[in-house]
Amino acid sequence: MREAVTRALSPLTRLFAGLIAIALLAACGVVRSPSMDQRGADSFEDDVVTARTLTEEFWSQQFQQFGRTYRPISDFIPYSGDAGPSCGDQPSVPNNAFYCPLGHFIAFDQGWMEGLWNEMGDGSVYVIIPHELGHAVQAQLRTDFTLNVQMELQADCYAGGALAALVGSGALTTDEGDEYELFASLAAAGDPTDDWLDPAAHGTAEQRQTSFVRGYRGGVGAC
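Cut-offs and rules
- Note on numbering: residues in each chain are counted from 1, in written sequence order.
- Thresholds applied to this predicted model are a pLDDT of at least 70 for local features of residues and 80 or more for the giving and counting of side-chain atom pairs; totals over whole chains, interfaces and linings are not thresholded and use all residues.
- Neither water nor hydrogens contribute to the side-chain values; these are computed over all heavy atoms in the structure.
- At least two bridges found by DSSP between two strands are what make those strands a pair.
- Counting from the N terminus, the helices are DSSP H or I runs at least four residues long and the strands are E runs at least two residues long.
- Axis geometry follows a simple rule: fit a line to the C-alpha atoms, using only the stretch in contact for helices, then measure angles between N-to-C directions, giving values from 0 to 180 degrees.
- Whether two residues touch is decided by their heavy atoms; if any such pair falls within 4.5 Å, the residues are in contact.
- Nonpolar core, defined: a set of buried Ala, Val, Leu, Ile, Met, Phe, Trp, Tyr and Cys residues in which side-chain atoms within 4.5 Å join the residues together.
- Relative accessibility decides the category of a residue: with a 1.4 Å probe and only protein chains considered, values under 20% of the type maximum give buried, values over 50% give exposed, and everything between is partly exposed.
- What qualifies as a polar contact is a pair of N or O atoms within 3.5 Å, subject to a donor-acceptor requirement within protein and to the restriction that residues adjacent in sequence count only when both atoms come from side chains.

A. How the structure looks around the sheet that holds strand 2 (residues 75-79). Pairing in this open sheet of 3 strands is mixed, and the strands run 2-4-3 from one edge to the other. The strands lining the two open edges of the sheet, one partner per strand, are strand 2 and strand 3 (97-100). In this sheet, neighbouring strand axes are inclined to one another by 15° on average, regardless of whether the strands run parallel or antiparallel. Where helix 3 (residues 110-120) meets the sheet, it contacts strand 2, strand 3 and strand 4 (105-109), and its direction lies at approximately 70° from that of strand 4. Against the sheet, helix 4 (residues 125-141) touches strand 2, strand 3 and strand 4, its axis set at about 15° to strand 3.

If you want it as structure tokens, here you go:
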């Protein structure tokens, strides 16, 4: 996945048809290499910058349509292991990415996310970063949730809606196999059990995939 180039789009609108197959692939540990353009210029760093920049541009336009002003995140912080920034009294942890409403910033374990990029492909970056930016949007809209899992699944839906809009506008194009990367990333991040009362619940693999597809097919208004 990369910024606009002249190649045919993969059929991401067919994601529902492959949901079960993708979940099985992820469960079996099947991974895909990163998508590379013909010049070999695509890199992890490129994808991180592109995912952040284009997703924030999308949300800025969305807010403008409703007469509001989107406030870009104040910082975008890579860290290593447990050496990341804290959010209030909550320390950062390895193998994680998070949005902190107190400082309005996003932080991510760079080694962990780059490892996913290497193993699963660049689709992982286009799930994680738009998901975290979805939390930044929730904070600005002051959206209330009864359960944590509701907040997490809406952020997945927002990620799908943002990605669909970027692909639809031509800001991003997709490579063959990107839909597998997106779904494998969501499956890998799913909860092992369906416990909505768990204060840390994010949703099972299927729930997260379904929420992402809802946004991709219906736009952020469906979230």
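B. Quick look at the nonpolar core. If you look at the biggest cluster of nonpolar residues, it comprises 41 residues, and the most contacted ones within it are Val-48, Trp-59, Met-113, Val-125, Ile-129, Leu-163 and Phe-212. Taken together, the elements giving at least two residues each to this core come down to helix 2 (44-65), strand 3, strand 4, helix 3, helix 4, helix 5 (148-169), helix 6 (178-188) and helix 7 (205-218). Ranked by the residues each element gives to this core, the list is headed by helix 4, at 8 residues. Those residues in contact with Trp-59 that lie beyond four places of it in its chain are Tyr-70, Val-137, Tyr-158, Ala-162 and Val-220. Residues Tyr-79, Cys-87, Cys-100 and Ala-107 belong to the second largest nonpolar core, which totals 6 residues.

C. Molecular detail of the pairing of strand 4. For strand 4, a buried count of 5 out of 5 residues is recorded, marking the element as mostly surrounded by other parts of the structure. Burial along strand 4 is two-sided: Phe-105, Ala-107 and Asp-109 facing one way and Ile-106 and Phe-108 facing the other are all buried. One ladder, built from 5 bridges, connects strand 2 with strand 4; its direction is parallel. Note on strand 4: the bridge partner recorded for Ile-77 is Ala-107. For strand 3 and strand 4, the ladder comprises 4 bridges, and the chain directions are antiparallel. Directly across from Ala-97, in strand 4, lies its bridge partner Phe-108.

D. Broad picture of the environment of Gly-203. Take Gly-203: it is sitting in the loop between helix 6 and helix 7. You can call Gly-203 buried: its relative accessible area is 2%.

E. Up close: the side chain of Thr-50. Tracing the chain through its elements places Thr-50 in helix 2. Classification of Thr-50 by relative accessible area gives buried; the value is 9%. Of the polar contacts made by the side chain of Thr-50, one reaches the backbone oxygen of Asp-46; its length is 2.9 Å.

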